[in-house]
Amino acid sequence: MKKLLTILIFSSISFLNVQAQIFQKKEEIIKDLESYESGVADDGSEYIYFDKEFNTKSSGEYTRRKVIYFVELDDGTKICNMWKILEPSSETNSFVSYFKDNFVEVDYMQWKDYETEILYAVKVDEKVCIVTAVYNNTK
């Protein structure tokens, strides 16, 4: 059972990485999406978001939302500098378990992948698990 859960978690996390990695160009990300919405955050950064249906033992059927934020480089290229996943809070333990097993805990509910310099943070807000990934070479 634990192996199955690990495989499911890994495939969920893998989906995150396949769909949008930090520093990936916006054009590369959107070419693989069937549909998405876009907008501008309060700080002026562009973002896109899309939904994907999931069915897990802990949450049943639900819709995961992924929000991908972009910065524009000097040459006009837009790259992903951060992404967020929003899922039911019942998915929190799966993320925490995965991060604890694979990365270094640097603060409460924060883990660092020192190989890629990606900082992952998990928080729960009003029954929503929010997972954030951002490049961070300081912790």
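Residues numbered from 1 in each chain as written. Predicted model: local features only at pLDDT ≥ 70, side-chain atom pairs only at ≥ 80, totals over all residues. Heavy atoms only, no water.

Visitor: Would you mind going over the sheet that holds strand β5 (residues 104–107) with me for this structure?
Guide: Each strand in a sheet pairs with its neighbour through backbone hydrogen bonds, running either in the same direction (parallel) or in the opposite one (antiparallel). The strand order across the open sheet built from 8 strands is β1-β2-β3-β4-β8-β7-β6-β5, with neighbouring strands paired in antiparallel fashion. What marks the edges here is a single partner per strand, and that holds for β1 (37–40) and β5. Direction aside, neighbouring strands of the sheet carry axes that sit 30° apart on average. Inspection of the sheet shows β1 paired to strand β2 (residues 46–56) by 4 bridges, in the antiparallel sense. Looking at β2, one finds that Glu 37 is bridged to Tyr 49. Strand contacts of helix α3 (residues 92–102): β3 (60–72), β4 (78–88), β5, β6 (110–113), β7 (118–125) and β8 (128–135), with the helix running at about 155° to β7, the strand carrying the most contacts. (Pairing = 2+ DSSP bridges. Helix = DSSP H or I, 4+ residues; strand = E, 2+ residues; numbered from the N terminus. Axes fitted to C-alpha atoms, helices over the stretch in contact; angles between N-to-C directions. Contact = heavy atoms within 4.5 Å.)

Visitor: Quick question: what am I supposed to make of the environment of Met 82 here?
Guide: For Met 82, the location among the structural elements is in strand β4. With residues up to four places along the chain from it excluded, the contact list for Met 82 reads Ile 22, Val 67, Ile 68, Tyr 69, Thr 132, Ala 133 and Val 134.

Visitor: Looking at this structure, I do not really get the nonpolar core. What am I missing?
Guide: One recurring pattern in soluble globular proteins is that nonpolar side chains are buried together. Counting 23 residues, the largest nonpolar core has Ile 68, Trp 83, Phe 99, Val 122 and Val 131 as the members making the most contacts within it. Where this core is concerned, the elements lending two or more residues are β2, β3, β4, α3, β7 and β8. (Core = buried A, V, L, I, M, F, W, Y, C linked by side-chain atoms within 4.5 Å. Buried < 20%, exposed > 50% of the residue type's maximum accessible area, 1.4 Å probe, protein only.)

Visitor: When you look at the confidence of the model for the chain in this model, what are you seeing that I'm missing?
Guide: Predicted coordinates in areas of low pLDDT are best not read in detail. Mean pLDDT over the chain works out to 87, with 85% of the residues at or above the 70 mark. Per-residue pLDDT stays below 50 along residues 1–19; that stretch engages in 25 contacts with residues further than four places along the chain or on separate chains. (pLDDT = per-residue confidence, 0-100.)

Visitor: Explanation requested: the packing of aromatic side chains in the structure shown.
Guide: Geometry of an aromatic ring pair is reported as the spacing of the ring centres plus the angle between the planes. Under the definition given, this model contains 12 aromatic pairs. Consider the rings of Phe 99 and Trp 111, whose centres lie 5.5 Å apart with planes at 35°: the pair is tilted. Within this pair, whereas Phe 99 is found in helix α3, its partner Trp 111 is found in strand β6, the two being separated by 12 residues in sequence. With relative accessibility at 1%, the residue Trp 111 sits in the buried group. One aromatic cluster is present, formed by Trp 83, Phe 95, Tyr 98, Phe 99, Phe 103, Trp 111 and Tyr 120 through successive ring pairs. Above the ring of Phe 54, the side-chain terminus of Lys 52 is found at 5.7 Å from the ring centroid. (Phe/Tyr/Trp six-rings, centres within 6.5 Å; stacked < 30°, edge-to-face > 60°. Lys NZ or Arg CZ within 6 Å of the ring centre and 35° of its normal.)

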